[in-house]
Amino acid sequence: MAQVIVVTSGKGGVGKTTTSAAFSTGLAQSGKKVVVIDFDVGLRNLDLIMGVERRVVFDIVNVISGEAKLSQALIRDKRVETLSILPASQTRDKDALTKEGVAKIIEELSKEFDYIICDSPAGIEKGALLALYFADQALIVTNPEVSSVRDSDRILGVLQSKSKRAEEKKEPVKEHLVVTRYDAARVEKGEMLKLEDIQEILAIPLLGVIPESESVLRASNTGNPVILDEVSNAGVAYKDAVARFLGDERPMKFIDAEKKGFFSRLFGGRAA
């Protein structure tokens with residue numbers, strides 16, 4: 001049976017879709033069969049970040065409503081052959097998603113894939129609740145700021161009370177923390193929350209710290225998941241996070257501020 005992983009946070013703009021794209025690509029690069037589903041009906045972005053927007057013919061709502069077969073809606077990635085994408089609808093309402101319809105899709109995908117990644121929309125409305133309902137594991141994506149961490153804490157409560165595992169009184173959803181847009185220099189100045197403070201508030205295992213990086217925006221604009229950018233700090237950090245998820249031990253990088261030399265301080269520097 002496939003493992004269902006929801007990528008969630010509560011707050012918008014923290015990097016959920018970037019993380020979904022990078023994480024699913026990384027798992028597929030490791031040889032796993034992976035499908036990533038966009039649950040953000042009406043505001044789909046996953047297809048853009050994955051670079052498949054021109055290949056979308058059918059979507060998850062078409063499958064649920066019986067207008068298309070699941071095999072017709074799945075888009076196979078051209079860079080990593082074991083990766084597929086199931087896009088969201090751009091024109092339908094979120095109410096088009098049903099628990100029964102999603103359950104049927106998850107069941108069918110479980111026969112073929114090792115991992116099903118659910119890219120959750122922001123908030124705790126229907127699309128987000130359905131994205132997390134079937135989860136076996138969760139990546140909680142948060143920025144090092146108070147409002148983001150508070151919203152992530154709320155999502156942890158929802159996972160513990162409204163997931164299928166919670167309803168059936170099974171072993172709880174396994175939670176992993178991914179801290180995105182981390183800037184160690186700003187943390188040192190007191191402009192962002194410290195990693196220790198985030199961990200203390202959320203109290204879940206830290207899987208990865210993704211540094212603030214221009215390469216994330218560049219990757220999004222070119223339709224290439226940032227994990228494919230092997231010279232980017234963010235790409236390296238996502239690769240390490242995937243490796244940890246699969247059981248490898250990797251030291252946390254990019255969590256300490258670089259000590260700049262005289263010329264770096266004089267002329268500044270930009271993140272990769």
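The sections below set out a description of the structure shown in this document. (Residues numbered from 1 in each chain as written. Predicted model: local features only at pLDDT ≥ 70, side-chain atom pairs only at ≥ 80, totals over all residues. Heavy atoms only, no water.)

So, on to the packing of aromatic side chains. One pass over the structure, following the stated rule, counts three aromatic pairs. Taking the centre distance of 5.2 Å and the plane angle of 80° together, the rings of Phe23 and Phe245 count as edge-to-face. Of this pair, Phe23 sits in helix H1 (residues 16–29) while Phe245 sits in helix H12 (residues 233–245), and the two are 222 residues apart along the sequence. Exposure remark for Phe245: the relative accessible area of 13% places this residue in the buried category. Plain terms: the ring middles of Tyr115 and Phe245 are 5.9 Å apart, the flat faces sit at 65° to each other, and that makes the pair edge-to-face. On the criterion of sequence distance, the pair formed by Tyr115 in strand E5 (residues 115–119) and Phe245 in helix H12 is long-range, its members being 130 residues apart. Over the face of the ring belonging to Phe113 we find Lys33, whose NZ or CZ atom lies 5.5 Å from the ring centre. The ring of Tyr133 has Lys99 sitting right over it, with the charged end atom 4.1 Å from the ring centre. (Phe/Tyr/Trp six-rings, centres within 6.5 Å; stacked < 30°, edge-to-face > 60°. Helix = DSSP H or I, 4+ residues; strand = E, 2+ residues; numbered from the N terminus. Buried < 20%, exposed > 50% of the residue type's maximum accessible area, 1.4 Å probe, protein only. Lys NZ or Arg CZ within 6 Å of the ring centre and 35° of its normal.)

Judged by nonpolar contacts, the single largest core of 50 residues is most densely connected at Leu109, Ile116 and Leu159. Per-element accounting of this core gives the leading share, five residues, to helix H7 (residues 146–162). Leaving out residues up to four positions away in the same chain, Leu109 has contacts with Val35, Ile37, Leu70, Leu74 and Ile116. Within the second largest apolar cluster, 35 residues are counted, among which are Val34, Val36, Val56 and Tyr115. (Core = buried A, V, L, I, M, F, W, Y, C linked by side-chain atoms within 4.5 Å. Contact = heavy atoms within 4.5 Å.)

A word on the pairing of strand E8 (residues 206–211). For a regular strand, the rule is simple: side chains alternate between the two faces of the sheet. E8 sits mainly inside the fold: five of its six residues count as buried. Here strand E7 (residues 174–182) pairs with E8 via four bridges, running parallel. Note that in E8 the partner of Val178 across the bridge is Gly208. (Pairing = 2+ DSSP bridges.)

This brings us to H7. Under the 1.5 Å per step criterion, the end-to-end length of H7 is 24 Å for 17 residues, consistent within 8% with the ideal 24 Å. Burial in H7 covers these residues: Ser148, Val149, Asp151, Ser152, Ile155, Leu156, Val158 and Leu159. Relative to the axis of H7, the buried residues are bounded by an arc of 165° and lie together on one face. Away from its buried face, by an angle of more than 90 degrees, H7 presents the exposed residues Val146, Arg150, Arg154 and Gln160. Turning to H7, the residues buried within the fold contact strand E1 (3–8), helix H6 (126–133), strand E6 (137–142), helix H8 (164–167), E7 and helix H10 (195–202). (Expected span 1.5 Å × (residues − 1). Arc of directions from axis to C-beta.)

This part takes up the sheet that holds E7. In any sheet, the strands associate via hydrogen bonds between backbone groups, in a parallel or an antiparallel arrangement. Strand order across the open sheet formed by eight strands is E3-E4-E2-E5-E1-E6-E7-E8, with mixed pairing between neighbours. Only two strands of the sheet have a single neighbouring strand rather than two, namely strand E3 (75–76) and E8. For E6 and E7, the ladder comprises six bridges, and the chain directions are parallel. If you follow Val141 over to E7, its bridge partner there is Val178. Seen against the sheet, H10 touches E6, E7 and E8 and runs at an angle of roughly 150° to E7. (Axes fitted to C-alpha atoms, helices over the stretch in contact; angles between N-to-C directions.)

We now examine the side chain of Ser110. Position of Ser110 relative to the elements: it lies in helix H5 (residues 99–110). Beyond its immediate stretch of four places on either side in the chain, Ser110 contacts Met1, Ala2 and Ile116.

The next subject is the pattern of salt bridges. Scanning the entire structure with this criterion turns up 13 salt bridges. Note that Lys164 and Glu168 form a salt bridge whose closest N and O atoms lie 3.0 Å from each other. According to the relative accessible area criterion, Lys164 is partly exposed, its value standing at 31%. Judged by relative accessible area, Glu168 falls into the partly exposed class, the value being 39%. With a closest N to O distance of 2.8 Å, Asp240 and Arg250 form a salt bridge. Of the two residues, Asp240 sits in helix H12 while Arg250 sits in the loop between H12 and helix H13 (262–267), which places them 10 residues apart along the sequence. Overall, Asp240 belongs to the buried group, its relative accessible area being 4%. Here Arg250 falls in the partly exposed class, since its relative accessible area comes to 36%. Among the charged side chains, a salt-bridge network with shared partners connects Lys33, Arg76 and Glu112. (Salt bridge = Lys/Arg side-chain N within 4 Å of Asp/Glu carboxyl O.)

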